Amino acid sequence: MTGRESCLRGSRLAQVFLAALSAAVCFGCTSSPPVSMAESDPALLVHDVRRGGDDAQIDGYLRHLADADCFVLEPDATTGPDGIRNVAVWPPGTTVWRDGGQVAGVEAPGREPIAIGSRVVGGGGYTNPSTSDLDLPDVSPDCLTGGGEFAMLHTITSVTP
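Summarised in this report is the structure supplied together with it. (Residues numbered from 1 in each chain as written. Predicted model: local features only at pLDDT ≥ 70, side-chain atom pairs only at ≥ 80, totals over all residues. Heavy atoms only, no water.)

1. Digging into the overall build of the chain
(1) Moving on: Counting its secondary structure elements, the chain contains one helix and ten strands.
(2) Moving on: Put simply, the chain runs from its N terminus to its C terminus through helices and strands in the order α-β-β-β-β-β-β-β-β-β-β.
(3) Moving on: Every one of the 161 residues in the chain was classed for burial, and the buried ones make up 34%.
(4) Moving on: Counting only contacts in the chain whose residues sit at least 6 apart along the sequence, the fraction spanning at least 24 positions is 62%.
(5) Moving on: Approximately 9,400 Å² of the chain is accessible, and the part contributed by carbon and sulfur atoms is 53%. (Helix = DSSP H or I, 4+ residues; strand = E, 2+ residues; numbered from the N terminus. Buried < 20%, exposed > 50% of the residue type's maximum accessible area, 1.4 Å probe, protein only. Contact = heavy atoms within 4.5 Å. Areas by Shrake-Rupley, 256 points an atom, 1.4 Å probe, with all protein chains shown as cover.)

This is the structure:
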């Protein structure tokens, strides 16, 4: 084998190795966006909890805006449409909770149902839709008011009715 053949063979082995390494690394990748719409009516946003931490404290009162089709967290029980309103993004597996056919709140995995009007405290992170590089779903402007963001709850530490 000449030096050139040996070099080409080594180059091919390196290419095969890099291709296999790339495939192995991407095998664990997910093509789903970090925030997605759960298959529910009304709309419910869920996130891929593996992509984030619990760096920010999330604290707000759960509301459902039927006209805007979103669940939001507002900082206090009296916040109006001009106050801060964050879009609630729930852990995977969260579903809409109905009582008597009416939207009553949400059911997060491992928790009692969370009623509309309850104060929800937890850990997670916030994502600003105007500056984020994440693939965020479109939501009504009524869901994000007063500089609101997507509030991604990763853990729920307390719920107060």
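2. Examining the sheet that holds strand β7 (residues 102–107)
(1) Moving on: The antiparallel open sheet is built from three strands, whose spatial order is β6-β7-β8. Each end of this open sheet is capped by a strand with a single partner; those strands are β6 (95–99) and β8 (114–115). (Pairing = 2+ DSSP bridges.)

3. Here we look at the state of the cysteines
(1) Moving on: Going through the model one piece at a time under the given rule, you end up with one disulfide.
(2) Moving on: Put simply, C70 and C143 are joined by a disulfide, and their sulfur atoms are 2.0 Å apart. Disulfide C70 to C143: torsion about the S-S bond roughly -105 degrees, handedness left-handed. Residue C70 is located in strand β4 (residues 70–74), and its partner C143 is located in the loop between β9 (119–127) and β10 (150–160); the two are separated by 73 residues in the primary sequence. (Disulfide = S-S within 2.5 Å.)

4. Quick look at the nonpolar core
(1) Moving on: Ranked by internal contacts, the top residues of the largest apolar core, which has 17 residues, are L62, F71, L73 and W90.
(2) Moving on: Sorting the residues of this core by element identifies β3 (56–65), β4, β5 (86–90) and β10 as the ones contributing at least two each.
(3) Moving on: Of the residues forming this core, the biggest block, three residues, is contributed by β10.
(4) Moving on: Counting residues in each nonpolar core, the second largest holds twelve residues, with C70, V72, V87 and V89 among its members. (Core = buried A, V, L, I, M, F, W, Y, C linked by side-chain atoms within 4.5 Å.)

5. Re unusual backbone geometry
(1) Moving on: At D69, a position not held by glycine, the phi torsion is positive, near 55 degrees.
(2) Moving on: Summarising the element assignment, D69 is placed in the loop between β3 and β4.
(3) Moving on: Residue D69 is classed as partly exposed on the basis of its relative accessible area, which comes to 36%.

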